[in-house]
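Structural description and commentary
Residues per chain, in single letters:
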Amino acid sequence: MTATHARRRQHLAALLPAHEADAILVTRGVNVRYLTGLASSNAAVLVRADARATLATDSRYAETARRTCSDIEVIEERDVAGCLIPMADRVAVEAHHMPVADYFRLGDDLLRLSGVVESVRRIKDEAEIDLIRTACALTDQALADVLPTLRPGMTEKEIARALESRMIKLGAEKPAFESIVASGPNGSIPHHSPSDRPLERGDLVTMDFGALYEGYHADMTRTVAIGEPASWQRELYDLVRAAQRAGRRAVRPGAVTHEVDAAARDLIAEAGYGDYFGHGLGHGVGLEIHEAPFLSPAKPEPDDEHARLEDRVPVTVEPGVYLPGRGGVRIEDTLVTRDDGPELLTRTTKELLVL
């Protein structure tokens, strides 16, 4: 993918003159990987305004870097930032990532930029979308394989382990994040950590999980019923499903992030449950499980050029309603903004499954 990484660096380099920078020092690991292909715990890349780049890493990763990044200069050095800074005059740094101590150690005349690489990363190329699509397919298949095993007496921890083990057997590197399994009253906690609570008949069970595939993340949530659900559970599920459908339909190029959130949130509020949906509607997905853009009720600043969705931006849509002491429902998909309508990547049915 050297040509792909070169195009990404060219895109970044084209932004530098507007900031009067001769180069940018990229030290955030996920951004180094995006620009070079190298996954490392200690690496930095200097991208100049003419798109020439120099990558620095230590001896643990140097050979991998030379193989992976054959189109750019590689320097073997422990102080990856310190060895690159002198290579250009007006150097910008990732102010949102670099520790203050490093900033002053390297020179307090450095230009401070925040989120520049992340702004480039928001719009995915088709190769990235293919990787996310594969991660989502593994996630879907893992759930299909594990659902028939759910039964009363099985614990939340056992379900989480089963989902994670199945994703890995299917080809995932590892889980994309710590899986959430919340049953019965635990369903009122959006980010509940799986416990030893056994499933009981009459439970709703929320499972939020995803596969990591070649560095790219999937994210999906489904809520199922163990035994025939009570009327209030089915009504709550139908409300969240309708809100999730409205949110998905609002995902389109040109849509403003808080307006997408409102498409789902307003339905929940009108039904009287607005106080029980406390988190944002969704977030971007890619090399990170949570990345820009963020779909939330917060109105963006008028000059925020990234507040509108664009073609080829993967996002999640995940409304939920959480009733303390009783339980909750969340339904989440990963989808991609497309000019001709959103592409759904997580395909498991959103009908209420009664097990």
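Residues numbered from 1 in each chain as written. Predicted model: local features only at pLDDT ≥ 70, side-chain atom pairs only at ≥ 80, totals over all residues. Heavy atoms only, no water.

The next point concerns the sheet that holds strand β10 (residues 211-213). Neighbouring strands of a sheet are bound in pairs by backbone hydrogen bonds; such pairs are parallel or else antiparallel. Across the sheet, which stays open at both edges, the 3 strands sit in the order β7-β10-β11 with antiparallel pairing between neighbours. Each of the sheet's edge strands pairs with one partner strand only, and the pair in question is β7 (174-175) and β11 (216-217). Here β7 runs beside β10; their pairing, made up of 2 bridges, is antiparallel. Across the sheet, the residue bridging to Pro-175 is Ala-211, located in β10. Helix-sheet contacts for helix α7 (residues 126-146) involve β10 and β11, and the interaxial angle to β10 is about 145 degrees. (Pairing = 2+ DSSP bridges. Helix = DSSP H or I, 4+ residues; strand = E, 2+ residues; numbered from the N terminus. Contact = heavy atoms within 4.5 Å. Axes fitted to C-alpha atoms, helices over the stretch in contact; angles between N-to-C directions.)

What follows is about the sheet that holds strand β9 (residues 204-209). Strand order in the open sheet formed by 3 strands is β8-β9-β12, with antiparallel pairing between adjacent strands. Bordering the open sheet on either side are β8 (180-183) and β12 (220-225), each of which pairs with just one other strand. With strand direction ignored, the average angle separating the axes of adjacent strands in the sheet is 10 degrees. Against the sheet, α7 engages β9 and β12, with an angle of about 15 degrees to β12.

Counting 36 residues, the largest nonpolar core has Leu-12, Ile-24, Val-26, Leu-35, Val-45, Val-47 and Leu-55 as the members making the most contacts within it. If you list the elements that add at least two residues to this core, you get α1 (2-13), β1 (23-26), α2 (29-36), β2 (43-48), β3 (53-57), β6 (111-113), α6 (116-121) and α7. Of all the elements, α7 adds the most residues to this core, at 5 residues. (Core = buried A, V, L, I, M, F, W, Y, C linked by side-chain atoms within 4.5 Å. Buried < 20%, exposed > 50% of the residue type's maximum accessible area, 1.4 Å probe, protein only.)

The tally for this structure, following the rule as stated, stands at 2 aromatic pairs. The interplanar angle of 85 degrees and the centroid separation of 5.3 Å between the aromatic rings of Tyr-103 and Phe-104 together place this pair among those described as edge-to-face. Residue class for Tyr-103 comes out buried when judged on its relative accessible area of 10%. We note Arg-265 situated over the ring of Phe-277; from NZ or CZ to the ring centre the distance is 3.9 Å. Between the NZ or CZ atom of Arg-326 and the centre of the ring of Trp-232, over which it lies, the distance is 4.2 Å. (Phe/Tyr/Trp six-rings, centres within 6.5 Å; stacked < 30°, edge-to-face > 60°. Lys NZ or Arg CZ within 6 Å of the ring centre and 35° of its normal.)

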